[in-house]
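Single-letter residue listing:
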Amino acid sequence: PCFLFSKKPIGKVGSDVFTVKGFRTWKKVNDSDKCAFLTHQGKDGNSAHNYAVQCYDNLKNQQGHIVHVMEKQSDEDIRKNRLRLRASIDAIRWLAFQACPFRGHDESAASNNQGNFLEMVKLLASYDDEVKAVVLGNAPGNAKYTSPDIQKEILDLMASNVQSAIRDEIGDAKFCLIVDESRDESRKEQMGIVVRFVDKDGFVRERFLELVHVRDTYSATLKQEICSVLSNHKLDVKSIRGQGYDGASNMRGEWNGLQAKFMEDCPYAYYVHSFAHQLQLALVAASKEVTDVHNFFEHIALVVNTVVSSSKRNDDLNANQVAEIEHLIELNELETGSGANQIGTLQRPGDTRWSSHFDSICSLLRLYKPTFLVLKDIATARVQGLQLLDEQRLLVL
């Protein structure tokens, strides 16, 4: 031991003749208390020899090595991380299945309602002490698994699993495409792709396959994105047996429409005008025959176009919204928090989407006062302009 651990620690007594210099005085070996070996060993244990022996014993104790301690600690961390992650996954899966929002207006620790996701994790922890010991406040700062990025990543993985299950369900069967595009709240054009097929049991199934952001709505762009989605899921374009789109020219066009471009690759991909779209057009046409309803929506469209068509008036609308929100906050009549009280704008009703009429009415009701102030300013400016014009005419006369 003294040779293996020859470095003498500070504060330890003893000679290094047995390990470094060499031992010659053999006549002192059996000289009672003066024995060189006994002196080297020491009486009270505070010696270099005893320290070396202790180091040697530690070396033989494999279970006490730092490697095994770290491995044991690593296994415990893995178990806690998996339990913590499983709690987040279960909460996300339940919220996604019930189509519930995840985030709250105020997710701070002092909030009474931190949103559906965090409140669901709290609920799971309240029923299991083992889960409670590893989630939220008891979790390390770098591994809570509750951030919005983690939520989105888990949702993406779930979506991939669902898409894989849909692909397995389709198998080698022929299928039809149902496609439509629309703008979301951020004004981005989104295209939804639905596949319709007959499963192995002979039942007709419709499955929502993917939502894709497209830079424009040209038929060539739409076809490229659809082909990319089909290729990612290993679906052959030549297996298409039907196309269902709306009646827009970029979709149903006989020469350059989306349906015509797919017909070039697969002559059996017959096009059918969407029945839901036809129903919406029928509702719009029927509403125009009722004078009161027709006039009502015409006035709404006029108000929305008057305010939104001008950049200056739209800026005035936003400024009036900010002023009203600040006033209501001062009166404690409006809740505050992350994501609350967003600045919006009026929505135009569209003939091809009957639900857009309802959205247009809701946006006008929500922004009634800011819209009223913008229209009032327009009317005041027009009156002042007419008065100025009359004054100029009098001066000319």
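Look above for the structure.
Treat the numbers as computed from the prediction; the structure is a model and nothing was measured.

What counts, and where the lines are drawn
Residues numbered from 1 in each chain as written. Predicted model: local features only at pLDDT ≥ 70, side-chain atom pairs only at ≥ 80, totals over all residues. Heavy atoms only, no water. Helix = DSSP H or I, 4+ residues; strand = E, 2+ residues; numbered from the N terminus. Buried < 20%, exposed > 50% of the residue type's maximum accessible area, 1.4 Å probe, protein only. Contact = heavy atoms within 4.5 Å. Areas by Shrake-Rupley, 256 points an atom, 1.4 Å probe, with all protein chains shown as cover. Core = buried A, V, L, I, M, F, W, Y, C linked by side-chain atoms within 4.5 Å. Axes fitted to C-alpha atoms, helices over the stretch in contact; angles between N-to-C directions. Parallel < 35°, antiparallel > 145°, perpendicular 65-115°, else oblique. Left-handed = near helix turned anticlockwise from the far one by under 90°. Nonpolar A, V, L, I, M, F, W, Y, C, P; charged D, E, K, R; others polar. Expected span 1.5 Å × (residues − 1). Arc of directions from axis to C-beta. Pairing = 2+ DSSP bridges.

Caption draft 1: Main features of the overall build of the protein. Helix and strand content of the protein: 15 helices and 5 strands. Every one of the 397 residues in the protein was classed for burial, and the buried ones make up 27%. Across the protein, every contact between residues at least 6 apart in sequence was considered, and the portion connecting residues at least 24 apart equals 56%. Working note: accessible area of the protein is about 26800 Å², and carbon and sulfur atoms make up 54% of it.

Caption draft 2: Summary view of the environment of H40. As for its position among the elements, H40 is in helix 2 (residues 36-41). Take H40: its relative accessible area is 10%, and that puts it in the buried class. Here the alpha-carbon distance between H40 and N50, two residues 10 residues apart in the chain, equals 9.1 Å.

Caption draft 3: Just the nonpolar core, in detail. Counting residues in hydrophobic clusters, the biggest one holds 25 residues, and the most contacted among them are L177 and I226. Sequence-distant contacts of I226, defined by excluding residues within four places in its chain, comprise L177, V179, M191, I193, L258 and F262.

Caption draft 4: Spatial organisation of the packing of helix 13 (residues 311-330) against helix 15 (residues 368-396). Helix 15 packs onto helix 13 with a crossing angle of 130 degrees between their chain directions and a minimal axis gap of 8 Å. For the element pair helix 13 / helix 15, the angle class is oblique. As for how helix 13 packs across helix 15, the hand of that crossing is right-handed. Residues R313, D316, L317, N320, Q321 and E324 of helix 13 touch helix 15, and the partners they reach there are K369, P370, T371, L373, V374 and I378. Here the residues of the contact of helix 13 with helix 15 sort into 5 nonpolar, 3 polar and 4 charged.

Caption draft 5: The arrangement of helix 12 (residues 291-308) in detail. The end-to-end C-alpha distance of helix 12 is 26 Å, a good match for the 26 Å that 18 residues give at a rise of 1.5 Å each. Where helix 12 is concerned, the buried positions are F297, I300, V304 and V307. All buried residues of helix 12 project into a common sector of 95 degrees when viewed along the axis, lining one side. Projecting away from the buried face of helix 12 at angles above 90 degrees are the exposed residues T291, H299 and L302. Residues of helix 12 that are buried sit in contact with helix 13, helix 14 (355-366) and helix 15.

Caption draft 6: Helix 14, seen in detail. In a regular helix each residue adds 1.5 Å, so 12 residues correspond to 16 Å; helix 14 covers 17 Å between its end C-alpha atoms and thus fits that length. Listing the buried residues of helix 14 in full gives S356, H357, S360, S363 and L364. The buried residues of helix 14 occupy one face: seen down the axis, they fall within an arc of 125 degrees. Exposed residues on helix 14 whose side chains face more than 90 degrees from its buried face are F358, L365 and R366. The secondary structure elements touched by the buried residues of helix 14 are helix 11 (275-288), helix 12 and helix 15.

Caption draft 7: Broad picture of the sheet that holds strand 4 (residues 240-245). A sheet is described by the order of its strands in space; here 5 strands give the open sequence 3-2-1-4-5, paired in mixed fashion. If you trace the sheet from one side to the other, it starts and ends with strand 3 (204-213) and strand 5 (270-273), each paired once. Mean inter-strand twist for the sheet, computed between neighbouring axes without regard to direction, equals 25 degrees. Where strand 4 and strand 5 come together, 4 bridges link them in parallel fashion. Across the sheet, the residue bridging to G242 is Y270, located in strand 5.

Caption draft 8: Region of interest: unusual backbone geometry. The phi dihedral of A99 falls on the positive side, at around 55 degrees, and the residue is not glycine. Its place among the elements puts A99 in the loop between helix 4 (66-97) and helix 5 (116-126). Classification of A99 by relative accessible area gives exposed; the value is 68%. Phi is positive for Y145, close to 60 degrees, though the residue is something other than glycine. Looking at the element boundaries, Y145 is found in the loop between helix 6 (129-132) and helix 7 (148-170).

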